[in-house]
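# Survey of secondary and tertiary structure
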Amino acid sequence: TAALAPAASRAALANCARPPRPVGSQPGARPRLRRGVALGSARVPAPRRVSPRAVSPAGEDSCVSDLNGDENLSVTVDGASDPAFTVISIRATNRPGILQLLKSTLEDLGLSVERTEVDMEKDLTSDVFYVTGDDGERVDDPYDLANIEQVLKVVLNAHYSKSSGAPRPPDGAKSASGPDGMKPRQKDLLYSLMDNYIKNDVLSVQSSIVNHVEYTLGRSRYRFDDFEAYQATSLSVRDRLIESWNDTQQYFREQDPKRVYYLSMEFLMGRSLTNSLYNLEVKGTFSEGLRQLGYSLEDLVEKERDAALGNGGLGRLAACFLDSMASENLPAWGYGIRYQYGMFRQEMHDGFQHENPDYWLNFGNPWEIERPNIAYPIKFYGHVSTVDVDNHQVFKWDSGEEVTAVAYDTPIPGWNTPNTINLRLWSAKPSREFDLESFNTGDYVQAILAKQRAETISAVLYPDDRTYQGKELRLKQQFFMVSATLQDIIRRFLVTHDASFDAFPEKVALQLNDTHPTIGVPELMRLLMDEHGLGWTKAWDITTRVFSFTNHTVLPEALEKWPVDLVENVLPRHMQIIYDINWRFTQELRGVIGDDYDKIGRMSIIEEGEGYEKSVRMAHLALVASHTVNGVAAIHSELIKTTIFREFHAVMPEKFQNKTNGVTQRRWLAFCNPALSELITETLGTSAWVKELDLLQGLREYAEDPAFQKRWGEIKRENKQRLADLVFEKTGTRVPTDALFDIQVKRIHEY
């Protein structure tokens, strides 16, 4: 029985084993060969059929009887009914890994699997294998057929008696076929091929890393540097994230919960490798696996470039929200822009900042997944016309420029949960990649101008907007992001709901992170009315029930405004919708406050009058269209009620809330300060504080404990010494560790 345990069937049939891959250090190692492919005088033989004496039928029966296996197991080996194949039929209780186990066992027996059929019904699976021997013919010798049957029974019973791995969830879709006409049997086969999770033992981790070195990066597994090791390690971790990401998205599709979509122009994500390893709880395994391979995880972490997707608090807040929503098992996605260069890379020379492009994508980003099949048209400029459709006036926007938004996904894991949500970033591509006609007529510059204009939209975070061109680019960036996002959200909604959009507010929540995504309000109205045929009243009702708005400032001059002539030029249909929203809003105001036109003017979405450039107040548009408005701290939320939004609060106080924002204790304490984290966990007797921060109140009773204070001080000194060593390494300056360290980490932007 031990010789025929599931993973040991090869050992039991050693005479059928494949030749090993050559050892790199072995002198004169033979090149790897495909089975049966001649190279010079060498030829790798195909695996032989099982010898009649490889397994004793009598002994096999005793092995079967000794195992507490599957009571539903039945194995039939038919060498007569099909003229070309031996047909092996197996019916058994479904367990993770059964299909791969059967495939490897049949190969060890020297059989070639030519076709497979898989049927699953509740907890049972019925698999049929059409096989041939090494001569390409069916096996029909009765003794061989009996041996095959007995070996399969032993291996399967051993598998069932020892199997303990949790299976991946199957596709719960109730339809008989998928959108591409997939049959249930095909779905069963696809599930069985990957019904188990990637293993996280040290050997499996090492195999995964080395496989990526050779098969993904195309490097020799004997010669790869630290950066290539970082890439392979990141891809190995990403494999595990994709498993849970796919399972999470499948679960959301089946449960159909209300989803929250977080729209932000910034996501200051930081490094993903350490965060993912900690959240997946595999840091120790990967660290040990890399150590045995001759690499240090700490060295590899330093090879990761920070994703240049944010600037400061706004972006870091967005990143922490994603981490927290994943950890809280919320059905959430983040949406933003995949900036090619980010903001800029800071260098300090003689006390002054010097700005350089941040080429963070030059060597690829192993964490992102390009989705070329998920792309949406984004329009700019042009004019608006009206047409009559069924006696209804319909607006048609004929654009003057069109680009394509292509999706890039980054899995975001939660802590201590399989829930893995998504950050979807949009990259701008030309609607036509290359103007061949211009090129052929000798106008080489014109041939690539469209490509350059399109890619400029997602090139740089916060372009300088002191010029008209800079303002235009910023507005195009914001619209590009929200238009692609809303088209994507509507597409996902319509997969499982009808086109009446009645359920849209019950299934969709849109969070605006500051005023930057506010142009999404008229864009949602346009999509609902012009693209999906809804009337104004219903479209506005839906819009005001899905948007909520986070304000980040108390300064009137920091509230975003766009010149009306700019919006009319770049987004002519949206300017019409904004005018309509404002007209209806001001009429409602008159019904509440009377004909106080000065106050109505101050609250109007459109700013105009003597001394003012006619502009769209984006914060006012967000206030009017959102069902909820929040500040980011208790004092801030009170200030906006009494200062910049005082008149709005007087009219619509029910909209105003406070949501005290902060950063996640996982990245900013548990993961970045492991020694202190260990002390806190040891003192509290639990690591639950990593998710429930309120538990840190339990440290109060140890505040005066001399032993606790001593440990705390030692950890602090060790950390300060590490920082002092880094300062010396970077600057050549020695700093005393008994001094108070006051550190600012910030690029100095020209605004």
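What you see is a predicted model; the values in this text were computed from it and never measured.

## Here's the deal with the sheet that holds strand S18 (residues 561-563)
Spatial strand order, S18-S20-S19: three strands in an open sheet with antiparallel pairing. Strands at the two margins of the open sheet, each flanked by one partner only, are S18 and strand S19 (606-607). By the bridge criterion, two bridges tie S19 to strand S20 (residues 615-617) in an arrangement that is antiparallel. When the bridges of S20 are listed, Ile606 appears paired with Val616. On top of the sheet, helix H21 (residues 618-625) reaches S18 and S20; it is set at about 45° to S20, its chief contact.

## Side note on the nonpolar core
Counting residues in hydrophobic clusters, the biggest one holds 107 residues, and the most contacted among them are Phe380, Trp426, Phe480 and Leu510. Among the elements that take part in this core, helix H14 (residues 468-496) stands out by supplying 10 residues, more than any other. Those residues in contact with Phe480, other than ones at most four positions away along the chain, are Ile337, Ile378, Phe380, Val403, Thr404, Ala405, Trp426, Ser427, Ala428 and Ile457. Ile88, Ile98, Leu111 and Tyr160 belong to the second-largest nonpolar core, a separate cluster that totals 24 residues.

## Let's talk about the environment of Met343
Along the polypeptide, Met343 turns up in the loop between strand S8 (332-337) and strand S9 (345-349). Along the chain, Met343 and Tyr462 lie 119 residues apart, while their C-alpha atoms are 6.7 Å from each other.

## Let's talk about the pattern of salt bridges
Pairing is possible between side chains that carry opposite charge, provided their charged atoms lie close to one another. This structure, assessed with the given rule, holds 37 salt bridges. For Arg345, the salt bridge goes to Glu347, with nearest N and O atoms at 2.6 Å. Residue classification places Glu347 among the partly exposed residues on the basis of a relative accessible area of 25%. Taking the shortest distance from any N to any O, the salt bridge between Arg590 and Asp595 comes out at 3.0 Å. Connected through shared salt-bridge partners, Arg371, Asp409, Arg424, Asp488, Arg491 and Arg492 make up one network.

## Regarding the pairing of S8
Taking burial as the measure, the six residues of S8 include six buried ones, the bulk of the element. The two faces of S8 match: Ala332, Gly334 and Gly336 on one face and Trp333, Tyr335 and Ile337 on the other face are all buried. In terms of strand pairing, strand S7 (residues 259-263) meets S8 through four bridges, oriented parallel. If you follow Val260 over to S8, its bridge partner there is Ala332.

## Structural notes on the confidence of the model for the protein chain
The pLDDT averaged across the protein chain works out to 85; a share of 84% of its residues lies at or above 70. Taken together, the stretch residues 1-67 has pLDDT below 50 and engages in 103 contacts with residues farther than four places along the chain or on a different chain.

## Observations regarding the packing of helix H25 (residues 674-684) against helix H26 (residues 706-731)
Where H25 meets H26, the axes come as close as 9 Å, and the angle between the chain directions of the two elements is 165°. If you check the angle between H25 and H26, you find them roughly antiparallel. Taken as a pair, H25 and H26 cross one another with a handedness that is left-handed. On the side of H25, the interface is formed by Ala675, Leu676, Leu679, Glu682 and Thr683, while H26 contributes Phe708, Arg711, Trp712 and Ile715.

## Points about the environment of Leu263
In this structure, Leu263 sits in strand S7. Counting along the chain gives 253 residues from Leu263 to His516, while the straight-line C-alpha distance between them is 8.9 Å. In this structure, Leu263 is in contact with Tyr335, Met481, Val482, Thr485, Leu510, Gln511, Leu512, Asn513 and Pro517, ignoring residues within four places of it in sequence.

## Overview of the packing of aromatic side chains
Tallied over the full model, the rule gives 24 aromatic pairs. Aromatic side chains Phe380 and Tyr381 sit 6.4 Å apart centroid to centroid with 55° between the ring planes, which places their arrangement in the tilted category. Phe380 gets classed as buried once you look at its relative accessible area, which sits at 0%. We classify Tyr381 as buried; its relative accessible area is 18%. An aromatic cluster is built from Trp245, Tyr261, Trp333, Tyr335, Tyr376 and Trp426, whose rings are joined through pairwise contacts. Cation over ring: Arg338 sits above Tyr408, and NZ or CZ is 3.9 Å from the ring centre. A cation sits over an aromatic face here: Lys720 above Phe741, 4.8 Å from the ring centre.

## Re H14
Its 29 residues place the ends of H14 43 Å apart at the C-alpha level, agreeing with the 42 Å of an ideal helix rising 1.5 Å per residue. Counting buried positions over the 29 residues of H14 gives 22, a clear majority of the element.

## Here's the deal with unusual backbone geometry
Unlike most non-glycine residues, Asn329 shows phi in positive territory, near 60°. Under the relative-accessibility criterion, Asn329 is labelled partly exposed at 41%. At Phe501, a position not held by glycine, the phi torsion is positive, near 65°. Structurally, Phe501 is set in the loop between H14 and helix H15 (504-507). Phe501 sits in the buried class, given a relative accessible area of 1%.

Conventions used here
- Residues numbered from 1 in each chain as written.
- Predicted model: local features only at pLDDT ≥ 70, side-chain atom pairs only at ≥ 80, totals over all residues.
- Heavy atoms only, no water.
- Pairing = 2+ DSSP bridges.
- Helix = DSSP H or I, 4+ residues; strand = E, 2+ residues; numbered from the N terminus.
- Contact = heavy atoms within 4.5 Å.
- Axes fitted to C-alpha atoms, helices over the stretch in contact; angles between N-to-C directions.
- Core = buried A, V, L, I, M, F, W, Y, C linked by side-chain atoms within 4.5 Å.
- Buried < 20%, exposed > 50% of the residue type's maximum accessible area, 1.4 Å probe, protein only.
- Salt bridge = Lys/Arg side-chain N within 4 Å of Asp/Glu carboxyl O.
- pLDDT = per-residue confidence, 0-100.
- Parallel < 35°, antiparallel > 145°, perpendicular 65-115°, else oblique.
- Left-handed = near helix turned anticlockwise from the far one by under 90°.
- Phe/Tyr/Trp six-rings, centres within 6.5 Å; stacked < 30°, edge-to-face > 60°.
- Lys NZ or Arg CZ within 6 Å of the ring centre and 35° of its normal.
- Expected span 1.5 Å × (residues − 1).

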